[in-house]
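This is what each chain is made of:
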Amino acid sequence: QVQLVESGGGSVQAGGSLRLSCAASGRTFSGYALGWFRQATGKEREFVATTKWSDGTVTYYADSVKGRFTISRDNANTVYLQMNSLKPEDTAVYYCAADRYPTNWGLRNAHEYDYWGQGTQVTVSS
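Description of the structure in this document. Keep in mind the model is a prediction, meaning the values are calculated, not measured.

**Focus: the side chain of R38**
With respect to the helices, strands and loops of the structure, R38 is situated in strand β4 (residues 33-39). Residue class for R38 comes out buried when judged on its relative accessible area of 5%. Within polar-contact distance, the side chain of R38 engages the side chain of E46 at 2.7 Å. Within the structure, R38 has its side chain in polar contact with the side chain of D90 (distance 2.9 Å). Excluding anything up to four places from it in sequence, R38 contacts E44, R45, E46, V48, S64, V65, F69, E89, D90, A92, V93 and Y94.

Quick look at the structure:
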């Protein structure tokens, strides 16, 4: 079966850094978009960043993380999220997700993604 497994979450002080990893398995993901979403307690799940392996120049970021977070693909089945200058408002459960049929107009929408990881907790203290 298709599986996405996140790792790298933890607790860090404001201004610190974390690097999240997501390993996808079960099929070929070369045509998929792999992205990151997050959900804070009591809030809706929100888009963070996404990218397509078939065109490495196609990347999207939420305005709230531009200049601080960087998404990258090591290969078709692995995606990372480098998080710098972390703020308390970044505290959330972070999810890796895969979109089988990515379109430019749907890459920021969680409903367009077909597979999800279990999530990893990121806590930023002030």
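We are not done yet, so read on.
**A few points about the state of the cysteines**
Applying the stated rule across the entire model yields one disulfide. Between the sulfur of C22 and that of C96 lies a disulfide, 2.1 Å long from S to S. Of note, the bridge from C22 to C96 carries an S-S torsion of about -80 degrees and is left-handed in sense. Residue C22 is found in strand β3 (residues 18-25), and its partner C96 is found in strand β9 (residues 92-99); the two are separated by 74 residues along the sequence. Of the residues examined, C22 reaches a relative accessible area of 1% and is grouped as buried.

**Quick look at the packing of aromatic side chains**
In this structure the tally under the stated criterion is seven aromatic pairs. Where Y32 meets Y115, the ring centres are 6.5 Å apart and the plane angle is 25 degrees; that geometry is what we call stacked. Of the two residues, Y32 is situated in the loop between β3 and β4 and Y115 in strand β10 (residues 115-116); the sequence distance between them amounts to 83 residues. Ring centres of F37 and F47 lie 5.8 Å apart, and the angle between their planes is 75 degrees; on these two criteria the pair is classed as edge-to-face. Placement of the pair is F37 in strand β4 and F47 in strand β5 (residues 46-52), with a sequence separation of 10 residues.

Criteria and thresholds
- Residues numbered from 1 in each chain as written.
- Predicted model: local features only at pLDDT ≥ 70, side-chain atom pairs only at ≥ 80, totals over all residues.
- Heavy atoms only, no water.
- Helix = DSSP H or I, 4+ residues; strand = E, 2+ residues; numbered from the N terminus.
- Buried < 20%, exposed > 50% of the residue type's maximum accessible area, 1.4 Å probe, protein only.
- Polar contact = N/O pair within 3.5 Å; in protein donor to acceptor, adjacent residues only side chain to side chain.
- Contact = heavy atoms within 4.5 Å.
- Disulfide = S-S within 2.5 Å.
- Phe/Tyr/Trp six-rings, centres within 6.5 Å; stacked < 30°, edge-to-face > 60°.

So far we have only geometry, and geometry alone does not tell us how the molecule works.
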